[in-house]
Amino acid sequence: MVMMENPEVPVPLTALSRWYLYAIHGYFCEVMFTAAWEFVVNCNWKFPGVTSVWALFIYGTCILIVEQMYLKLRGRCPVLLRCIIYTLWTYLWEFGTGLLLRQFNACPWDYSEFRYNFMGLITAEYAVPWFCASFIVERLVIRKTLRLRFHEGPEDGWSKHQSDAGGGREGAAGVRRRERSRGMGNNANGYLKGE
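Residues numbered from 1 in each chain as written. Predicted model: local features only at pLDDT ≥ 70, side-chain atom pairs only at ≥ 80, totals over all residues. Heavy atoms only, no water.

1. Observations regarding unusual backbone geometry
In step 1: You will see that Cys-43, though not glycine, has its phi angle at about 50°, which is positive.
In step 2: Residue placement: Cys-43 occurs in the loop between helix 1 (15–42) and helix 2 (54–73).
In step 3: We note that Met-119 has phi near 60°; this positive angle belongs to a residue other than glycine.
In step 4: Since its relative accessible area comes to 40%, Met-119 is described here as partly exposed. (Helix = DSSP H or I, 4+ residues; strand = E, 2+ residues; numbered from the N terminus. Buried < 20%, exposed > 50% of the residue type's maximum accessible area, 1.4 Å probe, protein only.)

2. Digging into the packing of helix 1 against helix 2
In step 1: In the contact formed by helix 1 and helix 2, the axes pass within 7 Å of each other and the chain directions differ by 120°. Relative to helix 2, the element helix 1 is oriented oblique. Helix 2 is crossed by helix 1, and the crossing has right-handed handedness. In this structure, helix 1 uses Ala-15, Arg-18, Trp-19, Tyr-22, Ala-23, Ile-24, His-25, Gly-26, Tyr-27 and Glu-30 to contact helix 2, whose residues at the interface are Ala-55, Leu-56, Phe-57, Tyr-59, Gly-60, Thr-61, Ile-63, Leu-64, Glu-67 and Gln-68. (Axes fitted to C-alpha atoms, helices over the stretch in contact; angles between N-to-C directions. Parallel < 35°, antiparallel > 145°, perpendicular 65-115°, else oblique. Left-handed = near helix turned anticlockwise from the far one by under 90°. Contact = heavy atoms within 4.5 Å.)

3. Quick word on the pattern of salt bridges
In step 1: Under the criterion given, the structure shown has three salt bridges.
In step 2: Taken together, the salt bridges that share partners define one network made up of Arg-82, Glu-138 and Arg-139. (Salt bridge = Lys/Arg side-chain N within 4 Å of Asp/Glu carboxyl O.)

4. A closer look at the environment of Ile-122
In step 1: Along the chain, Ile-122 turns up in strand 4 (residues 122–123).
In step 2: Overall, Ile-122 belongs to the buried group, its relative accessible area being 17%.
In step 3: Ile-122 sits 28 residues away from Glu-94 along the chain, and the two C-alpha atoms are 6.8 Å apart.
In step 4: Leaving out residues up to four positions away in the same chain, Ile-122 has contacts with Tyr-91, Glu-94, Phe-95, Tyr-111, Tyr-116 and Asn-117.

See the structure below:
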């Protein structure tokens, strides 16, 4: 196999794109956690998961900051210590955003009924779930998201048809011609079979 240089190198996701993925991840996990909690506590087979639109901002920003912590700490301390740091950060972030939202009567959570709560905004009972969530966020979400890349151009590397690839009016022959001129041949991954 001969490797051909591809002039359109895929680029990393922007901070806004990563924030969006983190926000959606946090939002989804919040709904799933509250549904599971409702089932465990009340044996509710409807699994009513709930959250607030504020969770998008809260989770997206929190995880983007955890990402930066991960990049700074990954070679300096073991994963369990990093997860403790992330958990402490999560408590601080949850308290701060909850306190801010409470000023506008918009805080969507209230832990007052938990035994080890502080001002109803955070609770020690969630330390283990937050720790586990921190581990999952670092090992699966952040590490995988940092590996994602944008591919610019009409060829997405998967589509074979003009309408799927965004080829416009030039047709499939024009798309193949452009691929060959970029050193892609019939294979979108940049490799050509040696003749």
